[in-house]
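Residue-level listing of the chains:
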Amino acid sequence: MRKLLRIYQLLVLALFIIIFSGFSNSFLALVSPPQEQLFIDTFEQYVTTKLVRQAYQVWEDGARIEVNLDTNAVGIGTKSLKVDVIGPNPMDNVSSGSIYHSLPLNQRNWSNSSGFRFWIKNPSNNSLWLTFNFKEAYNEYWSVAEGAPYIIEDKTSPSIQLESQYGNLIIPPDFTGWVTIPIGSFSVPDWNTARGDKTLQLSSIESYALGVTVQKDYPRTFYIDNFEVLSSDVVIPLIEGTNEIEIPKSGEHLEKFQAVDIAKGTALSAEWSIDSQNNHDLSITSGGSVIIPSSAKAGFVNIAASVKSNEKTFVITRKTLLTGGAFPIAEDHSADASNQVLPIPTKTAYEEFASNFEIWAMDYRPLFVIISVSVVLMFILILSRFQNNLK
């Protein structure tokens with residue numbers, strides 16, 4: 001009888017521990033802050049330049065690029081990635097270059113990501129044109145699409161919403177701050193040759209890469225730090241609307257804009273404002289509708305939205321062009337070289353080899369398995385014979 005009572009007491013105690021454990025986990029889930037990153041590389045873990053070069057490799061057949069571990073506290077912490085763009089490839093004058101980072105197996109799951117973010121410093125007086133792409137394991141590449149939105153943010157001004165040009169992220173001159181790319185800004189590029197279903201699958205990401213095209217301003221240097229894959233808990237607010245509005249010939253024209261959480265596709269409540277050097281009488285309603293009178297002058301206007309989410313306030317601005325009207329924009333022939341159209345970067349040798357090998361392995365999978373097994377058996381046979389000869 002005592003034995004049965006003892007067993008009963010142990011069962012009750014075990015049940016109590018299980019219930020309490022479940023309650024504790026639920027409570028901790030409620031009080032713990034939301035997870036912001038699914039992956040982060042702060043560069044603090046790299047001890048030497050040799051280690052950082054092993055992690056971030058340069059495409060050897062592309063433009064001359066050199067990476068080093070910078071320890072002068074240029075970035076967020078004590079270390080950052082220094083990228084020196086030295087010039088075109090001296091052998092064949094290739095001007096496109098890139099650096100890529102292969103991910104360990106335990107850091108490849110980027111599921112439910114809202115986007116990507118990294119810190120950058122461009123100390124040059126010219127704009128920096130960057131490309132960014134990542135690759136699904138055994139599947140296609142994804143890169144920033146033409147005209148896709150991204151956000152830059154420094155310490156002195158609100159977040160600025162920009163659009164990629166030919167898939168390039170335009171980093172302004174003398175800029176230091178963050179670049180955020182929503183997950184919806186990626187698409188399968190034309191240069192992709194890896195077979196896939198063109199459906200974004202973030203559960204197994206093999207690598208990511210930054211590319212740069214050498215212009216007349218080489219050599220130049222920029223710095224990268226804190227590359228982050230943002231979780232779905234991170235809100236990325238954007239202003240949706242047209243890039244160009246034609247001034248009406250008479251009366252007024254209303255153009256609607258709205259603030260959205262681009263990752264979730266949901267509308268956000270915002271406080272709106274508008275600013276234009278050419279049109280001080282432009283106005284915007286509380287609902288985000290810009291009122292353009294026929295007397296408006298052509299030029300750019302800045303539309304700003306202040307959004308509150310998760311006890312944080314985001315202020316984001318975007319430019320929209322007013323065209324036509326009685327005061328058209330004068331042609332500007334003084335655009336600097338940094339704003340000229342750049343060629344679309346070509347795929348790196350590493351990317352080309354990986355894509356071609358994956359296609360071949362998928363098309364000839366039985367043959368690939370037979371060859372692999374044969375090579376292993378041959379290696380074992382050679383070792384066995386070598387061992388017998390030693391005896």
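This text goes with the structure placed above it.
The structure presented is a predicted model; accordingly, all values stated were derived computationally and were not measured. (Residues numbered from 1 in each chain as written. Predicted model: local features only at pLDDT ≥ 70, side-chain atom pairs only at ≥ 80, totals over all residues. Heavy atoms only, no water.)

A. Main features of the nonpolar core. Of all hydrophobic cores here, the largest spans 49 residues; its most connected members are Trp110, Ile120, Phe132 and Phe134. The dominant element in this core, judged by the number of residues it contributes, is strand β7 (residues 128-136), at 5 residues. Counting 25 residues, the second largest nonpolar core, distinct from the first, contains Ile245, Ala270, Ala296 and Ala305. (Core = buried A, V, L, I, M, F, W, Y, C linked by side-chain atoms within 4.5 Å. Buried < 20%, exposed > 50% of the residue type's maximum accessible area, 1.4 Å probe, protein only. Helix = DSSP H or I, 4+ residues; strand = E, 2+ residues; numbered from the N terminus.)

B. Quick peek at the layout of surface pockets. In this structure, the largest pocket spans a volume of roughly 830 Å³. Taken together, 23 residues form the lining of the largest pocket, with Leu162, Glu163, Gln165, Phe300 and Lys319 sitting closest to its centre. Elements that contribute at least two residues to the lining of the largest pocket include exactly β9 (149-153), β10 (159-163), β24 (299-309) and β25 (312-323). With 5 residues, the top contributor of residues to the lining of the largest pocket is β25. Grouping the amino acids of the lining of the largest pocket by side-chain chemistry returns 8 nonpolar, 10 polar and 5 charged. A volume near 520 Å³ is recorded for the second largest pocket. With 5 residues, β25 is the largest single contributor of residues to the lining of the second largest pocket. Of the residues that constitute the lining of the second largest pocket, the class distribution is 14 nonpolar, 6 polar and 5 charged. (1 Å grid on protein atoms, 1.4 Å probe; cavity = no way out; pocket = protein on both sides within 12 Å on 5 of 7 lines; lining within 4 Å. Points joined across faces, edges and corners; volume = space filled by probe spheres on them. Nonpolar A, V, L, I, M, F, W, Y, C, P; charged D, E, K, R; others polar.)

C. Region of interest: the packing of aromatic side chains. Within this structure, the stated rule accounts for 20 aromatic pairs. Measuring from centroid to centroid gives 5.4 Å for Tyr141 and Trp191, while their planes differ by 55 degrees, and the two rings are tilted. Taken together, the positions of Tyr141 in strand β8 (residues 141-144) and Trp191 in the loop between β13 (186-187) and β14 (205-213) put the pair 50 residues apart, joining distant regions of the chain. An aromatic cluster is built from Phe39, Phe43, Tyr46, Tyr56, Trp110, Phe116, Phe132, Phe134, Phe186, Tyr208 and Phe227, whose rings are joined through pairwise contacts. The ring of Trp178 is capped by Arg117, whose NZ or CZ atom sits 5.3 Å from the centre of that ring. Cation over ring: Lys319 sits above Phe300, and NZ or CZ is 5.5 Å from the ring centre. (Phe/Tyr/Trp six-rings, centres within 6.5 Å; stacked < 30°, edge-to-face > 60°. Lys NZ or Arg CZ within 6 Å of the ring centre and 35° of its normal.)

D. Region of the structure containing the sheet that holds strand β22 (residues 283-284). With antiparallel pairing, the 3 strands of this open sheet are ordered in space as β18-β23-β22. Each having just a single partner strand, β18 (252-256) and β22 make up the two edges of the open sheet. Relative to strand β23 (residues 289-293), β18 is paired through 5 bridges, and the arrangement is antiparallel. Bridging across to β23, Leu254 finds its partner in Ile291. (Pairing = 2+ DSSP bridges.)

E. Structural view of the pattern of salt bridges. Within the structure shown, the criterion is met by 5 salt bridges. With a closest N to O distance of 2.4 Å, Asp217 and Arg220 form a salt bridge. When its relative accessible area of 9% is taken as the criterion, Arg220 is described as buried. With a shortest N-O distance of 3.5 Å, Asp261 and Lys264 are connected by a salt bridge. (Salt bridge = Lys/Arg side-chain N within 4 Å of Asp/Glu carboxyl O.)

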